[in-house]
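Survey of secondary and tertiary structure
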Amino acid sequence: MAEHASTVDTYNHSCPAEGTLPTMSQLQQGMGVSGTAWLYVSSVLVCSVNCAMFLILVRKFIREVPERQVPNLCWVTSLFTAISFFTCLMIFLPRSTEFLLAAYRVYEAMVIGRFVELNLMWYGGEKQLVNNVGENAFMRFNLPPCCCCLLCLRNKLLTRKRVKHVRFYNPMISTMGHCHQLILTPMSSL
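A brief look at the structure comes next.

Each value, and the rule that gives it
- Residues numbered from 1 in each chain as written.
- Predicted model: local features only at pLDDT ≥ 70, side-chain atom pairs only at ≥ 80, totals over all residues.
- Heavy atoms only, no water.
- Helix = DSSP H or I, 4+ residues; strand = E, 2+ residues; numbered from the N terminus.
- Buried < 20%, exposed > 50% of the residue type's maximum accessible area, 1.4 Å probe, protein only.
- Contact = heavy atoms within 4.5 Å.
- Core = buried A, V, L, I, M, F, W, Y, C linked by side-chain atoms within 4.5 Å.
- Expected span 1.5 Å × (residues − 1).
- Bend = angle between axes of the 7 residues up to and from the residue.
- Axes fitted to C-alpha atoms, helices over the stretch in contact; angles between N-to-C directions.
- Parallel < 35°, antiparallel > 145°, perpendicular 65-115°, else oblique.
- Left-handed = near helix turned anticlockwise from the far one by under 90°.
- Phe/Tyr/Trp six-rings, centres within 6.5 Å; stacked < 30°, edge-to-face > 60°.
- Disulfide = S-S within 2.5 Å.

Turning our eyes to something else, we now look at the overall build of the protein chain. When helices and strands are tallied, the protein chain shows 7 helices and 2 strands. For the protein chain, the N- to C-terminal ordering of α and β elements is α-α-α-α-α-α-β-β-α. The proportion of buried residues among the 190 residues of the protein chain is 28%. Put simply, 63% of the contacts in the protein chain that link residues at least 6 apart link residues at least 24 apart.

The next point concerns the side chain of Ser78. Within the element layout of this structure, Ser78 appears in the loop between α3 (70-77) and α4 (79-92). Residue classification places Ser78 among the buried residues on the basis of a relative accessible area of 10%. In this view, Ser78 contacts Phe54 and Tyr107; residues no more than four positions away in its chain are not counted.

Phe54, Val58, Phe61, Val65, Val70, Leu73, Cys74, Val76 and Leu118 together form the largest nonpolar core, which totals 9 residues. When residues of this core are traced back to their parent elements, those giving at least two are α2 (24-64) and α3. It is α3 that contributes the most residues to this core, 4 residues altogether. Contacts of Phe54, omitting those with residues within four sequence positions, involve Cys74, Thr77, Ser78 and Thr81. In this structure, Ala82, Phe86, Ala103 and Tyr107 belong to the second largest nonpolar core, which totals 7 residues.

Before going further, it helps to examine α2. Its 41 residues place the ends of α2 only 44 Å apart at the C-alpha level, less than the 60 Å of an ideal helix rising 1.5 Å per residue. The largest bend in α2 is about 115°, located at Gly32. All of the buried residues along α2 are Leu27, Gly35, Thr36, Tyr40, Ser43, Cys47, Asn50, Phe54, Val58 and Phe61. Residues of α2 that are buried in the fold lie against α3 and α4.

Our focus in this paragraph is the packing of α2 against α4. Where α2 contacts α4, the axes come no closer than 9 Å and their chain directions differ by 160°. For the element pair α2 / α4, the angle class is roughly antiparallel. Handedness of the crossing formed by α2 with α4: left-handed. Counting all contacts with α2, which are made through Met24, Leu27, Leu39, Tyr40, Ser43, Val44, Val46, Cys47, Asn50, Cys51 and Phe54, the residues of α4 involved are Phe80, Thr81, Ser84, Phe85, Cys88, Ile91 and Phe92.

With that settled, consider the packing of aromatic side chains. Throughout the structure, instances matching the rule amount to 5 aromatic pairs. Judged by centre distance (6.3 Å) and plane angle (40°), the ring pair of Tyr104 and Tyr107 falls under tilted. One end of the pair, Tyr104, and the other, Tyr107, are both in helix α5 (residues 97-123), 3 residues apart, so they sit about a helical turn from each other. Take Tyr104 and Tyr107: they sit in the same class, and that class is buried.

Here the structure, examined in full by the defined rule, presents 0 disulfides. No disulfide involves Cys51; its nearest neighbouring cysteine sulfur is the one of Cys47, lying 4.3 Å away. Owing to a relative accessible area of 32%, Cys51 belongs among the partly exposed residues under this scheme.

Written as structure tokens, this is what we have:
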């Protein structure tokens, strides 16, 4: 019985305080040497495979895709590589998780903006998009899970003006990501 109590005390003593992230040594203590090694090796392996696949994709884009679409395609398809890279960094630097997540949000906002631009390129611009969809085409913004919140945006007629609004908000999405980073960087360093 005394042996069990000392084991519990040892584990409680090495746990990080509530609301804080563990250090690398605490992570290693909790997972054991082999578990920690497996975590590090597998995260680096996944990140390396994603980087290799991304480089193959970029090479294929350069060869087969129109030149003006290549940068946007690279941004959009790099999302999975970025996720594995940020995850790998969070595993190796557990105390920087909040900062890395804030940086990832900025990156994700930029990818969303590039995705909108890429779609407009594929359709041939705003005017061509409206022509391809046809007259009296409706857009629905109140899809699940926001169907209850966006009642005012039920079925809206798709016009060139509304497509321009989407394009106008595109840079604002990227700007919001940068503002988010500017606000969270000092907060995460405190």
